[in-house]
Amino acid sequence: MKREGQFAAKQSDSLPSLLNSYGEFHGWVHDKRVLGGLTFLIIGDPKGLYQVVARGDLAKDAAKINRQSYVLIKGTVRESKSNVSKYEVEAQEISVLNQADDLLPLDPASKTKSELTTRIFNRPLDLRDPSEREIFQMRAKTLSIIRGYLSNRGFIEVDTPKIIATASEGGAELFKVDYFGREAYLAQSPQLFKEELVLGLGKVFEIAHYFRAEKSNTVKHLSEFMSVDVEQAMATKESVMKLLEGLIKAIHGGLMRSGFNVSKLQGQFPVYTYSEIASAIGVKFGEDLGSDELNEFGKGKGYYFIVDWPLSLKPFYTMPKEGGLSESFDLMYEGLELASGGQRIHQYDLLVKRLKESGLNPESFAEHTKVYRWGMPPHAGWGLGLDRLMMVLSGRNNIREVVLYPRDAKHI
Ligand code: AMO
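Residues numbered from 1 in each chain as written. Predicted model: local features only at pLDDT ≥ 70, side-chain atom pairs only at ≥ 80, totals over all residues. Heavy atoms only, no water.

Undergrad: I keep staring at the nonpolar core and nothing clicks. Help me out?
TA: A general tendency of soluble globular proteins is for nonpolar side chains to be buried together. In this structure, Leu150, Leu244, Tyr303, Leu331, Trp382, Leu384 and Leu393 are the most contacted members of the largest nonpolar core, which totals 47 residues. Not counting chain neighbours up to four residues away, the residues in contact with Leu331 comprise Leu244, Ile248, Phe269, Tyr303, Tyr304, Phe305, Leu336, Glu337, Leu338 and Ala339. Counting residues in hydrophobic clusters, the runner-up holds 20 residues, among them Tyr50, Val52, Ala54 and Ala91. (Core = buried A, V, L, I, M, F, W, Y, C linked by side-chain atoms within 4.5 Å. Buried < 20%, exposed > 50% of the residue type's maximum accessible area, 1.4 Å probe, protein only. Contact = heavy atoms within 4.5 Å.)

Shown next, in the form of structure tokens:
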């Protein structure tokens, strides 16, 4: 269908092709400057910023338009000498399609950013700041690269329930739901479902939100986060680590090709054992590696893997390895854990034994464990925290910056 009238107006990316011609444009007033008899409007749209010059009576009217108002501009495109854009529009007509309030909760054009909480509670307006909007454009591109990468390798995208009857990652961080008078939970991960699904689908992935009642207020935890989960039949810990490393490299490459400012990755990601790091930072075998110590250890290291974690630190489904270790890994960036995964137990008896050893009741997991008597193949996989990956890619150090409407104990 042909777009007519104001709906046929264009955006900043059409400026070059309309040089010295008449054009109609729509956008918001990012900023304005009144100088002598001239009014300069800096117009913003999701693709960029450009200058509009208004003279005479038009300049007077333009000066009255509030910042952030939505406008339709008719005029001629010229080369610009301003430091805003290469092209500008010499306005013949400016119509205000919707005047914005005089006083706004934040100014997206300001060099000094408002407080994060103000920005989060006014996120739609915050997205009119090009540097904030770019994070979410990058996030969308990252998701499309991930889907392409996994689909091209034969993984089937699945979607599993988020209201569940049993915990998958341990009980402490569960949100309870009153489910028609019964107790149910919000899913912490798709772990049990994704493992079950390799039985018939072989290679699966899921990209979805999960819920953890994280009480600690940190820059890397949310109560609702997004995870990219993979599970593959006949895969090993090593092969799924390779898949994950390849994905991270594909994301960096794809974002660079799309014009985003991310670093080019070279060489293999280094692999350290838990014991190597534990002894370097003075942690006893079996204790978790603390955030402060990992920040110190990871400084300048970029992406790296930690393997051979003590079995006692990993969930019940993790395949044991000799010496009290497990066939598991974490992917780190500096001090930040981005993903964890490994080889899973595929034998029914061993799975039930590990449930008991982990202090869980195998009867509560009977609906899950029965699948392991139906010819479950050996399998491996991982879960990658998308929000944390976006922190790395965008260079932001608070997870709330890279999530549109973050959920934590304070924000809902
Ligand atoms: P894990 O519990 O390590 O593993 O979670 C996987 C990844 O998800 C991210 N993540 C979070 N991000 C933000 N806020 C949170 N509260 C939060 N919790 C976790 C992290 C983490 O590395 N089932 C396993 C994965 C697997 O073995 O396949 C799991 O859930 O980036």
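Undergrad: It is not clear to me how the site of the ligand should be interpreted in this structure. Could you clarify?
TA: Not every one of the 23 residues close to the ligand is listed here, only the nearest: Gln191, Lys194, Glu337, Ser340 and Arg344. Residue Ser340 places a side-chain N or O atom 2.5 Å away from an oxygen atom belonging to the ligand. A distance of 3.4 Å separates an oxygen atom of the ligand from a polar backbone atom of Gly385. Against a free-state accessible area of 620 Å², the protein chains account for coverage of 92% of the ligand. Going through the elements one at a time, helix H5 (191-201), strand E11 (224-233), strand E17 (336-343) and strand E18 (379-385) are the ones with two or more residues in the shell around the ligand. Broken down by element, the shell around the ligand gets its largest block of residues, five residues, from E17. Tallied by class, the residues present in the shell around the ligand amount to seven nonpolar, seven polar and nine charged. (Near = heavy atom within 4 Å. Polar contact = N/O pair within 3.5 Å; in protein donor to acceptor, adjacent residues only side chain to side chain. Areas by Shrake-Rupley, 256 points an atom, 1.4 Å probe, with all protein chains shown as cover. Helix = DSSP H or I, 4+ residues; strand = E, 2+ residues; numbered from the N terminus. Nonpolar A, V, L, I, M, F, W, Y, C, P; charged D, E, K, R; others polar.)

Purely geometric numbers; function is a separate question.
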